[in-house]
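# Tertiary structure, described
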Amino acid sequence: MDSAGFDPERVRADFPLLSQEVNGHPLVYLDAGATSQKPQQVLDAEIDFLLRTNAAVHRGAHTLAAEATELFEDARRTVAGFVGADEETLVWTHGATEGLNLVAYAIGNATAGRGGAASAGLALRPGDEIVVTEAEHHANLIPWQELAARTGAVLRHIPVHDDGTLDLDAAAHLVGERTRVLAFPHVSNVLGIVNPVAELAELAHGVGALAVLDACQSAPHLPLDLPALDVDLAVFSGHKMLGPYGIGGLYGRREVLEALPPFLTGGSMITTVTLDEAEYLAPPLRFEAGTQPVSQAIGLAAAVRYLDALGMPAVHAHERELERRLRDGLRQVDGVRLLGDAEADRVALVAFDLDGVHAHDVGQVLDAQGVAVRVGHHCAQPLHRRFGLTASVRASASVHTTAADVDAFLDAVAGVRSYFRVHA
Ligand code: PMP
(Lines give C-alpha, C1' and ligand atoms only; values in the text may rest on other atoms or scores of the structure.)
Protein backbone atom coordinates (compact mmCIF):
# COMPACT_ATOMS: atom_id res chain seq x y z
CA MET A 1 0.00 0.00 0.00
CA ASP A 2 1.56 3.36 -0.93
CA SER A 3 0.90 6.75 0.64
CA ALA A 4 -2.10 7.35 -1.64
CA GLY A 5 -3.87 4.25 -0.30
CA PHE A 6 -3.18 2.44 -3.56
CA ASP A 7 -2.01 -1.17 -3.53
CA PRO A 8 0.23 -1.54 -6.62
CA GLU A 9 0.88 -5.26 -6.17
CA ARG A 10 -2.83 -6.04 -5.95
CA VAL A 11 -3.50 -3.91 -9.06
CA ARG A 12 -0.65 -5.57 -10.96
CA ALA A 13 -2.14 -8.98 -10.21
CA ASP A 14 -5.24 -8.02 -12.25
CA PHE A 15 -3.10 -7.90 -15.42
CA PRO A 16 -2.46 -11.49 -16.54
CA LEU A 17 0.13 -10.60 -19.17
CA LEU A 18 2.45 -9.04 -16.60
CA SER A 19 3.12 -12.32 -14.78
CA GLN A 20 5.20 -13.77 -17.62
CA GLU A 21 8.95 -13.87 -18.16
CA VAL A 22 10.56 -12.29 -21.23
CA ASN A 23 14.06 -13.33 -22.28
CA GLY A 24 14.42 -15.27 -19.05
CA HIS A 25 13.55 -12.30 -16.80
CA PRO A 26 10.32 -11.21 -15.13
CA LEU A 27 8.62 -8.77 -17.53
CA VAL A 28 9.06 -5.10 -16.64
CA TYR A 29 6.57 -3.32 -18.86
CA LEU A 30 7.34 0.40 -19.18
CA ASP A 31 5.73 1.08 -22.53
CA ALA A 32 2.24 2.04 -21.36
CA GLY A 33 2.47 5.33 -23.28
CA ALA A 34 2.39 3.28 -26.49
CA THR A 35 -0.30 0.93 -25.23
CA SER A 36 -1.34 -0.07 -21.74
CA GLN A 37 -1.93 -3.62 -20.60
CA LYS A 38 -5.50 -4.77 -20.00
CA PRO A 39 -6.89 -6.07 -16.71
CA GLN A 40 -8.85 -9.33 -16.56
CA GLN A 41 -12.03 -7.29 -15.93
CA VAL A 42 -11.74 -5.66 -19.40
CA LEU A 43 -11.02 -8.98 -21.13
CA ASP A 44 -13.99 -10.57 -19.32
CA ALA A 45 -16.37 -7.74 -20.30
CA GLU A 46 -15.44 -7.99 -23.97
CA ILE A 47 -15.57 -11.80 -24.09
CA ASP A 48 -18.83 -11.88 -22.14
CA PHE A 49 -20.45 -9.56 -24.67
CA LEU A 50 -19.18 -11.65 -27.59
CA LEU A 51 -20.27 -14.91 -25.97
CA ARG A 52 -23.76 -13.83 -24.91
CA THR A 53 -25.03 -10.67 -26.57
CA ASN A 54 -23.16 -10.02 -29.82
CA ALA A 55 -25.48 -8.37 -32.37
CA ALA A 56 -25.52 -5.23 -34.52
CA VAL A 57 -26.60 -2.10 -32.64
CA HIS A 58 -29.12 0.61 -33.61
CA ARG A 59 -30.89 -1.70 -36.05
CA GLY A 60 -32.85 -4.93 -35.91
CA ALA A 61 -35.75 -5.59 -33.57
CA HIS A 62 -34.62 -8.91 -32.15
CA THR A 63 -33.81 -9.36 -28.49
CA LEU A 64 -30.05 -9.57 -28.81
CA ALA A 65 -29.94 -6.46 -31.00
CA ALA A 66 -31.92 -4.53 -28.38
CA GLU A 67 -29.67 -5.79 -25.57
CA ALA A 68 -26.51 -5.00 -27.53
CA THR A 69 -27.79 -1.48 -28.23
CA GLU A 70 -28.53 -0.97 -24.56
CA LEU A 71 -25.04 -2.14 -23.53
CA PHE A 72 -23.42 0.00 -26.23
CA GLU A 73 -25.26 3.16 -25.15
CA ASP A 74 -24.65 2.31 -21.50
CA ALA A 75 -20.93 2.14 -22.35
CA ARG A 76 -21.16 5.58 -23.94
CA ARG A 77 -22.75 6.96 -20.75
CA THR A 78 -20.03 5.38 -18.61
CA VAL A 79 -17.10 6.59 -20.73
CA ALA A 80 -18.61 10.08 -21.13
CA GLY A 81 -19.08 10.26 -17.35
CA PHE A 82 -15.41 9.33 -16.86
CA VAL A 83 -14.38 12.55 -18.66
CA GLY A 84 -17.13 14.62 -17.00
CA ALA A 85 -19.30 14.76 -20.12
CA ASP A 86 -22.90 14.00 -21.12
CA GLU A 87 -23.48 11.00 -23.36
CA GLU A 88 -24.75 13.16 -26.27
CA THR A 89 -21.37 14.85 -26.38
CA LEU A 90 -19.28 11.66 -26.76
CA VAL A 91 -18.63 10.31 -30.26
CA TRP A 92 -17.08 6.85 -30.64
CA THR A 93 -14.04 6.72 -32.90
CA HIS A 94 -11.56 3.97 -33.69
CA GLY A 95 -8.84 5.88 -31.86
CA ALA A 96 -7.41 9.33 -31.28
CA THR A 97 -5.86 9.55 -34.75
CA GLU A 98 -9.28 9.06 -36.30
CA GLY A 99 -10.85 11.56 -33.86
CA LEU A 100 -8.38 14.30 -34.83
CA ASN A 101 -8.80 13.56 -38.53
CA LEU A 102 -12.57 13.64 -38.04
CA VAL A 103 -12.34 17.16 -36.63
CA ALA A 104 -9.93 18.44 -39.30
CA TYR A 105 -11.90 16.90 -42.18
CA ALA A 106 -15.21 18.15 -40.77
CA ILE A 107 -13.82 21.70 -40.61
CA GLY A 108 -12.59 21.19 -44.19
CA ASN A 109 -16.09 20.12 -45.20
CA ALA A 110 -17.54 23.23 -43.52
CA THR A 111 -15.00 25.26 -45.53
CA ALA A 112 -16.27 23.58 -48.70
CA GLY A 113 -19.77 24.83 -47.87
CA ARG A 114 -21.15 21.59 -46.40
CA GLY A 115 -23.36 21.72 -43.33
CA GLY A 116 -25.27 24.87 -44.25
CA ALA A 117 -25.60 27.98 -42.14
CA ALA A 118 -24.78 26.18 -38.87
CA SER A 119 -21.36 25.16 -40.19
CA ALA A 120 -20.44 28.42 -41.91
CA GLY A 121 -18.90 29.80 -38.70
CA LEU A 122 -16.34 26.98 -38.74
CA ALA A 123 -15.19 27.60 -42.33
CA LEU A 124 -11.57 28.67 -42.83
CA ARG A 125 -10.47 31.40 -45.21
CA PRO A 126 -7.04 31.70 -46.81
CA GLY A 127 -4.75 33.38 -44.29
CA ASP A 128 -6.68 32.11 -41.27
CA GLU A 129 -4.40 30.45 -38.75
CA ILE A 130 -4.26 27.06 -37.10
CA VAL A 131 -1.94 26.99 -34.09
CA VAL A 132 -0.41 23.80 -32.67
CA THR A 133 2.59 23.23 -30.40
CA GLU A 134 6.11 22.06 -31.12
CA ALA A 135 5.35 19.05 -28.89
CA GLU A 136 2.65 17.39 -30.97
CA HIS A 137 2.31 13.71 -31.68
CA HIS A 138 2.06 13.48 -35.47
CA ALA A 139 -1.64 12.63 -35.04
CA ASN A 140 -2.29 16.18 -33.83
CA LEU A 141 -0.05 17.76 -36.47
CA ILE A 142 -0.45 16.15 -39.88
CA PRO A 143 -4.27 16.44 -40.04
CA TRP A 144 -3.82 20.21 -39.47
CA GLN A 145 -1.04 20.42 -42.09
CA GLU A 146 -3.42 18.76 -44.55
CA LEU A 147 -6.31 21.03 -43.59
CA ALA A 148 -4.10 24.10 -44.04
CA ALA A 149 -2.99 22.85 -47.46
CA ARG A 150 -6.60 22.30 -48.54
CA THR A 151 -7.96 25.62 -47.29
CA GLY A 152 -5.11 28.11 -47.62
CA ALA A 153 -4.91 28.47 -43.84
CA VAL A 154 -1.50 29.00 -42.24
CA LEU A 155 -0.09 26.58 -39.65
CA ARG A 156 1.88 28.07 -36.76
CA HIS A 157 3.33 26.58 -33.62
CA ILE A 158 3.95 27.44 -29.99
CA PRO A 159 7.60 26.71 -29.12
CA VAL A 160 8.75 24.53 -26.23
CA HIS A 161 11.28 25.77 -23.64
CA ASP A 162 14.42 23.74 -22.87
CA ASP A 163 12.72 22.44 -19.71
CA GLY A 164 9.82 21.05 -21.77
CA THR A 165 7.19 23.59 -20.76
CA LEU A 166 5.30 25.51 -23.43
CA ASP A 167 6.40 29.08 -24.15
CA LEU A 168 3.18 30.74 -23.01
CA ASP A 169 4.46 34.26 -23.73
CA ALA A 170 5.00 33.23 -27.34
CA ALA A 171 1.55 31.62 -27.32
CA ALA A 172 -0.05 34.88 -26.21
CA HIS A 173 1.58 36.63 -29.19
CA LEU A 174 0.90 33.86 -31.70
CA VAL A 175 -2.78 33.47 -30.96
CA GLY A 176 -4.49 36.42 -32.58
CA GLU A 177 -7.50 37.52 -34.54
CA ARG A 178 -6.68 35.20 -37.48
CA THR A 179 -6.46 32.14 -35.24
CA ARG A 180 -9.38 29.78 -35.80
CA VAL A 181 -8.07 26.61 -34.16
CA LEU A 182 -5.66 26.09 -31.25
CA ALA A 183 -4.78 22.39 -30.97
CA PHE A 184 -2.51 21.08 -28.21
CA PRO A 185 -1.74 18.04 -26.06
CA HIS A 186 -2.86 17.82 -22.44
CA VAL A 187 0.34 15.81 -21.86
CA SER A 188 2.99 15.34 -24.55
CA ASN A 189 3.83 11.69 -25.22
CA VAL A 190 7.55 12.59 -24.98
CA LEU A 191 7.72 15.15 -22.18
CA GLY A 192 5.12 13.90 -19.68
CA ILE A 193 4.37 17.43 -18.46
CA VAL A 194 0.73 18.44 -17.84
CA ASN A 195 0.06 21.53 -19.94
CA PRO A 196 -2.11 24.41 -18.66
CA VAL A 197 -5.25 23.45 -20.57
CA ALA A 198 -7.71 25.95 -19.11
CA GLU A 199 -5.26 28.81 -19.76
CA LEU A 200 -4.76 27.78 -23.39
CA ALA A 201 -8.51 27.27 -23.91
CA GLU A 202 -9.09 30.77 -22.57
CA LEU A 203 -6.49 32.13 -24.97
CA ALA A 204 -8.28 30.43 -27.89
CA HIS A 205 -11.71 31.63 -26.80
CA GLY A 206 -10.44 35.19 -26.36
CA VAL A 207 -10.04 35.35 -30.15
CA GLY A 208 -13.03 33.15 -31.03
CA ALA A 209 -10.90 30.11 -31.95
CA LEU A 210 -11.71 26.47 -31.24
CA ALA A 211 -9.66 24.78 -28.51
CA VAL A 212 -8.87 21.18 -29.52
CA LEU A 213 -7.28 18.93 -26.89
CA ASP A 214 -5.31 15.73 -27.41
CA ALA A 215 -6.00 13.96 -24.11
CA CYS A 216 -4.44 10.59 -25.06
CA GLN A 217 -1.70 10.77 -22.43
CA SER A 218 -3.79 12.34 -19.68
CA ALA A 219 -7.05 10.36 -19.71
CA PRO A 220 -5.40 7.18 -18.30
CA HIS A 221 -3.55 9.05 -15.56
CA LEU A 222 -5.42 12.11 -14.23
CA PRO A 223 -8.91 12.99 -13.07
CA LEU A 224 -10.39 14.55 -16.20
CA ASP A 225 -13.35 16.93 -16.51
CA LEU A 226 -13.37 18.11 -20.13
CA PRO A 227 -16.33 20.53 -19.83
CA ALA A 228 -14.66 22.15 -16.79
CA LEU A 229 -11.42 22.56 -18.79
CA ASP A 230 -13.60 24.44 -21.29
CA VAL A 231 -12.13 22.87 -24.42
CA ASP A 232 -14.36 22.66 -27.50
CA LEU A 233 -13.20 19.26 -28.70
CA ALA A 234 -11.01 16.55 -27.18
CA VAL A 235 -9.84 13.08 -28.12
CA PHE A 236 -8.66 10.07 -26.15
CA SER A 237 -7.66 6.55 -26.99
CA GLY A 238 -9.03 3.31 -25.48
CA HIS A 239 -5.94 1.15 -25.86
CA LYS A 240 -3.83 3.57 -23.78
CA MET A 241 -6.32 3.55 -20.89
CA LEU A 242 -6.56 -0.19 -20.14
CA GLY A 243 -9.17 -0.69 -22.88
CA PRO A 244 -9.22 -2.54 -26.19
CA TYR A 245 -7.67 -1.51 -29.50
CA GLY A 246 -9.87 0.11 -32.14
CA ILE A 247 -11.91 2.32 -29.83
CA GLY A 248 -11.54 5.94 -28.79
CA GLY A 249 -13.61 8.96 -27.88
CA LEU A 250 -14.18 12.39 -29.32
CA TYR A 251 -15.78 14.79 -26.84
CA GLY A 252 -17.30 17.95 -28.25
CA ARG A 253 -19.13 20.88 -26.75
CA ARG A 254 -22.77 20.43 -27.78
CA GLU A 255 -22.95 23.57 -29.97
CA VAL A 256 -19.69 22.69 -31.69
CA LEU A 257 -20.74 19.12 -32.48
CA GLU A 258 -24.08 20.40 -33.75
CA ALA A 259 -22.33 22.82 -36.11
CA LEU A 260 -19.80 20.30 -37.47
CA PRO A 261 -20.68 18.52 -40.72
CA PRO A 262 -19.86 14.81 -40.82
CA PHE A 263 -16.50 13.35 -41.82
CA LEU A 264 -17.33 9.72 -42.72
CA THR A 265 -20.74 9.15 -44.30
CA GLY A 266 -22.82 6.05 -44.97
CA GLY A 267 -25.14 3.83 -42.96
CA SER A 268 -26.38 4.54 -39.43
CA MET A 269 -25.79 8.32 -39.49
CA ILE A 270 -28.83 9.43 -41.52
CA THR A 271 -32.54 10.17 -41.18
CA THR A 272 -33.66 10.23 -44.83
CA VAL A 273 -31.76 9.29 -47.98
CA THR A 274 -32.78 9.76 -51.61
CA LEU A 275 -30.69 8.97 -54.64
CA ASP A 276 -29.62 12.62 -54.72
CA GLU A 277 -29.07 13.59 -51.10
CA ALA A 278 -29.20 12.67 -47.45
CA GLU A 279 -30.22 14.22 -44.15
CA TYR A 280 -28.09 13.49 -41.15
CA LEU A 281 -28.80 12.50 -37.58
CA ALA A 282 -27.92 14.80 -34.70
CA PRO A 283 -24.59 14.22 -32.89
CA PRO A 284 -23.14 11.94 -31.73
CA LEU A 285 -24.59 9.45 -34.27
CA ARG A 286 -23.95 11.88 -37.15
CA PHE A 287 -20.27 11.08 -36.73
CA GLU A 288 -20.65 7.30 -36.40
CA ALA A 289 -21.08 6.02 -39.95
CA GLY A 290 -20.91 2.28 -40.48
CA THR A 291 -20.76 -0.63 -38.07
CA GLN A 292 -19.29 0.45 -34.78
CA PRO A 293 -16.63 -1.26 -32.62
CA VAL A 294 -19.25 -2.46 -30.15
CA SER A 295 -17.38 -5.05 -28.07
CA GLN A 296 -14.46 -2.61 -27.85
CA ALA A 297 -16.76 0.15 -26.51
CA ILE A 298 -18.04 -2.28 -23.87
CA GLY A 299 -14.43 -3.19 -23.02
CA LEU A 300 -13.53 0.48 -22.70
CA ALA A 301 -16.47 1.05 -20.34
CA ALA A 302 -15.10 -1.79 -18.19
CA ALA A 303 -11.66 -0.13 -18.28
CA VAL A 304 -12.94 3.22 -17.03
CA ARG A 305 -15.03 1.46 -14.36
CA TYR A 306 -11.81 -0.23 -13.25
CA LEU A 307 -9.98 3.13 -13.13
CA ASP A 308 -12.90 4.78 -11.33
CA ALA A 309 -12.91 2.04 -8.71
CA LEU A 310 -9.21 2.74 -8.04
CA GLY A 311 -10.02 6.47 -7.96
CA MET A 312 -8.29 8.78 -10.42
CA PRO A 313 -6.82 11.03 -7.69
CA ALA A 314 -5.17 7.93 -6.14
CA VAL A 315 -4.00 6.78 -9.59
CA HIS A 316 -2.42 10.17 -10.23
CA ALA A 317 -0.77 10.25 -6.79
CA HIS A 318 0.65 6.73 -7.28
CA GLU A 319 1.99 7.61 -10.72
CA ARG A 320 3.53 10.85 -9.43
CA GLU A 321 5.55 8.77 -6.96
CA LEU A 322 6.68 6.55 -9.84
CA GLU A 323 7.47 9.61 -11.94
CA ARG A 324 9.74 11.06 -9.20
CA ARG A 325 11.45 7.70 -8.74
CA LEU A 326 12.02 7.45 -12.49
CA ARG A 327 13.42 10.94 -12.93
CA ASP A 328 15.48 10.95 -9.72
CA GLY A 329 16.93 7.57 -10.66
CA LEU A 330 17.74 8.52 -14.25
CA ARG A 331 19.48 11.72 -13.13
CA GLN A 332 21.94 9.53 -11.17
CA VAL A 333 23.01 7.66 -14.32
CA ASP A 334 26.11 9.05 -16.06
CA GLY A 335 25.40 10.39 -19.54
CA VAL A 336 21.60 10.60 -19.19
CA ARG A 337 19.89 13.75 -20.48
CA LEU A 338 16.18 13.97 -19.72
CA LEU A 339 14.00 15.60 -22.36
CA GLY A 340 12.03 18.33 -20.60
CA ASP A 341 12.99 18.11 -16.93
CA ALA A 342 10.70 20.86 -15.58
CA GLU A 343 9.34 20.57 -12.06
CA ALA A 344 5.68 20.59 -12.95
CA ASP A 345 2.57 18.48 -12.63
CA ARG A 346 3.50 15.36 -14.59
CA VAL A 347 2.53 11.82 -15.47
CA ALA A 348 4.98 8.92 -15.13
CA LEU A 349 6.46 9.16 -18.61
CA VAL A 350 10.03 10.22 -19.28
CA ALA A 351 12.15 10.28 -22.42
CA PHE A 352 15.94 10.51 -22.33
CA ASP A 353 19.11 10.39 -24.35
CA LEU A 354 22.10 8.34 -23.18
CA ASP A 355 25.29 9.97 -24.36
CA GLY A 356 27.33 7.72 -26.65
CA VAL A 357 24.68 5.00 -27.08
CA HIS A 358 21.94 5.04 -29.71
CA ALA A 359 18.41 4.76 -28.33
CA HIS A 360 17.83 1.52 -30.25
CA ASP A 361 20.89 -0.04 -28.64
CA VAL A 362 19.68 1.02 -25.20
CA GLY A 363 16.32 -0.59 -25.99
CA GLN A 364 17.98 -3.83 -27.02
CA VAL A 365 20.08 -4.12 -23.89
CA LEU A 366 17.02 -3.44 -21.73
CA ASP A 367 14.92 -5.94 -23.68
CA ALA A 368 17.50 -8.65 -23.06
CA GLN A 369 16.76 -8.10 -19.35
CA GLY A 370 12.99 -8.26 -19.79
CA VAL A 371 12.55 -4.47 -19.67
CA ALA A 372 10.18 -3.12 -22.37
CA VAL A 373 10.55 0.55 -23.29
CA ARG A 374 9.89 2.57 -26.43
CA VAL A 375 12.77 3.78 -28.61
CA GLY A 376 12.70 6.07 -31.63
CA HIS A 377 10.97 9.40 -32.22
CA HIS A 378 7.64 8.31 -30.68
CA CYS A 379 5.72 9.94 -33.57
CA ALA A 380 7.09 13.33 -32.52
CA GLN A 381 9.88 14.14 -34.97
CA PRO A 382 9.67 17.96 -34.71
CA LEU A 383 10.04 17.80 -30.92
CA HIS A 384 13.07 15.50 -31.18
CA ARG A 385 14.61 17.83 -33.73
CA ARG A 386 14.07 20.72 -31.30
CA PHE A 387 16.15 18.81 -28.71
CA GLY A 388 18.82 18.02 -31.33
CA LEU A 389 17.95 14.31 -31.49
CA THR A 390 16.47 11.85 -33.95
CA ALA A 391 15.54 9.30 -31.30
CA SER A 392 15.21 8.86 -27.55
CA VAL A 393 14.35 6.15 -25.04
CA ARG A 394 10.98 6.48 -23.34
CA ALA A 395 9.83 4.78 -20.16
CA SER A 396 6.14 5.15 -19.39
CA ALA A 397 4.16 3.72 -16.51
CA SER A 398 0.52 3.09 -15.76
CA VAL A 399 -1.62 1.86 -12.88
CA HIS A 400 -0.09 -1.58 -13.36
CA THR A 401 3.48 -0.33 -12.73
CA THR A 402 5.19 -0.83 -9.37
CA ALA A 403 8.21 0.79 -7.74
CA ALA A 404 10.01 -2.55 -8.25
CA ASP A 405 9.42 -2.21 -12.03
CA VAL A 406 11.02 1.24 -11.96
CA ASP A 407 13.99 -0.01 -9.91
CA ALA A 408 14.60 -2.93 -12.31
CA PHE A 409 14.52 -0.48 -15.23
CA LEU A 410 16.96 1.89 -13.48
CA ASP A 411 19.37 -0.96 -12.72
CA ALA A 412 19.28 -2.01 -16.36
CA VAL A 413 19.88 1.55 -17.64
CA ALA A 414 22.79 1.99 -15.21
CA GLY A 415 24.57 -0.97 -16.88
CA VAL A 416 24.14 0.10 -20.51
CA ARG A 417 27.19 2.32 -20.93
CA SER A 418 29.58 -0.19 -19.39
CA TYR A 419 28.04 -2.90 -21.62
CA PHE A 420 29.04 -0.79 -24.64
CA ARG A 421 32.31 0.30 -22.96
CA VAL A 422 31.36 3.95 -23.24
CA HIS A 423 33.16 6.10 -20.68
CA ALA A 424 32.58 9.69 -19.74
N1 PMP B 1 -1.74 11.60 -29.46
C2 PMP B 1 -0.85 11.21 -28.55
C3 PMP B 1 -0.28 12.21 -27.58
C4 PMP B 1 -0.47 9.87 -28.50
O5 PMP B 1 0.42 9.47 -27.58
C6 PMP B 1 -1.02 8.95 -29.44
C7 PMP B 1 -0.62 7.49 -29.46
N8 PMP B 1 0.77 7.28 -29.45
C9 PMP B 1 -1.96 9.42 -30.37
C10 PMP B 1 -2.30 10.74 -30.35
C11 PMP B 1 -2.60 8.48 -31.36
O12 PMP B 1 -3.57 7.68 -30.70
P13 PMP B 1 -4.24 6.40 -31.38
O14 PMP B 1 -3.31 5.25 -31.16
O15 PMP B 1 -5.51 6.19 -30.59
O16 PMP B 1 -4.55 6.71 -32.79
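Now for a quick tour of the structure. (Residues numbered from 1 in each chain as written. Predicted model: local features only at pLDDT ≥ 70, side-chain atom pairs only at ≥ 80, totals over all residues. Heavy atoms only, no water.)

## Some thoughts on the packing of helix α12 (residues 312-331) against helix α15 (residues 403-414)
- It is at 10 Å that the axes of α12 and α15 come closest, and there the two elements cross at 15 degrees. Comparing the axis directions of α12 and α15 gives the class roughly parallel. Crossing handedness for the pair α12 and α15: right-handed. Where α12 approaches α15, its residues L322, R325, L326, G329 and L330 are matched on the opposing element by A403, V406, D407, F409, L410 and V413. (Axes fitted to C-alpha atoms, helices over the stretch in contact; angles between N-to-C directions. Helix = DSSP H or I, 4+ residues; strand = E, 2+ residues; numbered from the N terminus. Parallel < 35°, antiparallel > 145°, perpendicular 65-115°, else oblique. Left-handed = near helix turned anticlockwise from the far one by under 90°. Contact = heavy atoms within 4.5 Å.)

## Regarding unusual backbone geometry
- The peptide bond linking P283 to P284 adopts the cis configuration, its omega dihedral lying at 0 degrees.
- You can see P284 is positioned in the loop between β12 (278-280) and α11 (294-310).
- One non-glycine residue with positive phi stands out, namely H58, at about 60 degrees.
- Of note, H58 is situated in the loop between α2 (40-52) and α3 (63-82).

## Some remarks on the site of the ligand
- Lining the immediate surroundings of the ligand are G95, A96, T97, H137, A139, N189, D214, C216, Q217, S237, H239 and K240.
- Within the side chain of Q217, a nitrogen or oxygen atom sits 2.8 Å from an oxygen atom of the ligand.
- In the complex, the protein chains occlude 87% of the 400 Å² of accessible area that the ligand would expose alone.
- Taken together, the residues that form the shell around the ligand break down as 3 nonpolar, 7 polar and 2 charged. (Near = heavy atom within 4 Å. Polar contact = N/O pair within 3.5 Å; in protein donor to acceptor, adjacent residues only side chain to side chain. Areas by Shrake-Rupley, 256 points an atom, 1.4 Å probe, with all protein chains shown as cover. Nonpolar A, V, L, I, M, F, W, Y, C, P; charged D, E, K, R; others polar.)

## Some points on a nonpolar patch on the surface
- A surface patch of nonpolar side chains, amounting to about 290 Å² of accessible area, comprises L43, I47 and L51.
- Owing to a relative accessible area of 32%, L43 belongs among the partly exposed residues under this scheme. (Patch = residues over 30% accessible without salt bridge, like charges linked within 9 Å, V, L, I, M, F, W, Y side chains within 5 Å. Salt bridge = Lys/Arg side-chain N within 4 Å of Asp/Glu carboxyl O. Buried < 20%, exposed > 50% of the residue type's maximum accessible area, 1.4 Å probe, protein only.)

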